[in-house]
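The primary structure of each chain is shown beneath.
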Amino acid sequence: MSFALPDGLPPGRFLSCGPVRVWVSDAFPEDVGRLWPRLLSEQGVHGLVPLLCWPDAMGRPLSSDHVDAVRLEGVLAADFAEYRRRRLPFWTDPTPAPVPEGVEPWPHDPGPPFEQWPGLAPGMPLTSEGPTPEEAASSLLAGLMETGRFGLDECRLVLVPAHRSSDALALIGWSAQAPLPLLGALLRSWEDRFGAQVVAVFGSELYVSVARPPVEAEHANLLALEHVLSTADNIVDDPPTPFPEYATELVGRTSWSFWWD
């Protein structure tokens, strides 16, 4: 079934992602920077989440039951135990890993400062001073366009019938190698705690805006561990940014990016 569309959209058409119908623009909208804030402001009226996405990245939708079934704390606790078991020998050995000649050795990563799962990072409170989730999402999009992020111009504007931004990837069946049920549960939790919004996915890259990022180093450490356990390759393997450095960069940061091979 199709749905009513907001006014002022560029040319586009309805497509089926399994049982889910989405609307997709025919080309990258040249005026998306102007259109985006209005689509976000009307989301409550139309029930449509805007997303920038490569057309071939949409597959078979993941039922919300699969995301609902993820008990986030329990899953992350088990994943951290296994991750720590595998990585501890590298964290405790400062000897640089061998690299090809002429390649700078990777910096030593001491790993997270936790022996057991420490729990989720606490959510940040709503304030009148910070940006709204909609403003943060519009700011991230403007930044991606200003820097001419590679691959962005191949995206299409997709309108996904969803109650919340964090469910959009599951509903379009994003076809990257990300663990979609876990990622969906994380995105829901980040939306609740930090005002996170999914803005763009192209190739295997995901860009998320953040209205209320952590401001304390202790909280950023907890959040950084959640990012690590998302399994994103740019955080874990390519090459691994030392955990303390990655956590420090999350303090006050209003956009997050992830990619999977």
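Residues numbered from 1 in each chain as written. Predicted model: local features only at pLDDT ≥ 70, side-chain atom pairs only at ≥ 80, totals over all residues. Heavy atoms only, no water.

Visitor: How would you sum up a negative patch on the surface? Please name residues and give values.
Guide: A cluster of acidic residues, Glu 30, Asp 56, Asp 153 and Glu 154, forms a negative patch at the surface. Looking at Glu 154, the relative accessible area reads 43%, which means it is partly exposed. (Patch = residues over 30% accessible without salt bridge, like charges linked within 9 Å, V, L, I, M, F, W, Y side chains within 5 Å. Areas by Shrake-Rupley, 256 points an atom, 1.4 Å probe, with all protein chains shown as cover. Salt bridge = Lys/Arg side-chain N within 4 Å of Asp/Glu carboxyl O. Lys, Arg positive; Asp, Glu negative; His and termini not counted. Charge placed at Lys NZ, Arg CZ, Asp CG, Glu CD. Buried < 20%, exposed > 50% of the residue type's maximum accessible area, 1.4 Å probe, protein only.)

Visitor: Talk me through the packing of aromatic side chains; I want residue IDs and the actual numbers.
Guide: Counted by the stated rule, this structure contains nine aromatic pairs. Geometrically, the ring pair formed by Trp 54 and Phe 202 is tilted, given 6.3 Å between the ring centres and 35 degrees between the ring planes. Linking Trp 54 in the loop between strand S3 (48–53) and helix H3 (64–68) with Phe 202 in strand S5 (residues 196–202), this pair joins segments that are 148 residues apart in sequence. An aromatic cluster of at least three residues, connected via ring pairs, comprises Trp 174, Trp 190, Phe 194, Trp 256, Phe 258 and Trp 260. (Phe/Tyr/Trp six-rings, centres within 6.5 Å; stacked < 30°, edge-to-face > 60°. Helix = DSSP H or I, 4+ residues; strand = E, 2+ residues; numbered from the N terminus.)

Visitor: Tell me about the sheet that holds strand S4 (residues 156–161), and please be specific about residues and values.
Guide: Adjacent strands of a sheet form backbone hydrogen bonds with each other and so pair up, either parallel or antiparallel. Pairing is mixed in the open sheet, where seven strands are placed in the order S1-S2-S4-S3-S5-S6-S7. Unpaired on one side and paired on the other, strand S1 (12–17) and strand S7 (255–259) mark the two borders of the sheet. Between one strand axis and the next, the sheet turns by 30 degrees as a mean value, whatever way the strands run. Where S5 and strand S6 (residues 205–210) come together, six bridges link them in antiparallel fashion. From the neighbouring strand, Ala 200 faces S6, where its bridge partner is Tyr 207. Lying on the sheet, helix H5 (residues 133–146) is in contact with S3, S5, S6 and S7; it crosses S6 at an angle near 135 degrees. (Pairing = 2+ DSSP bridges. Axes fitted to C-alpha atoms, helices over the stretch in contact; angles between N-to-C directions. Contact = heavy atoms within 4.5 Å.)

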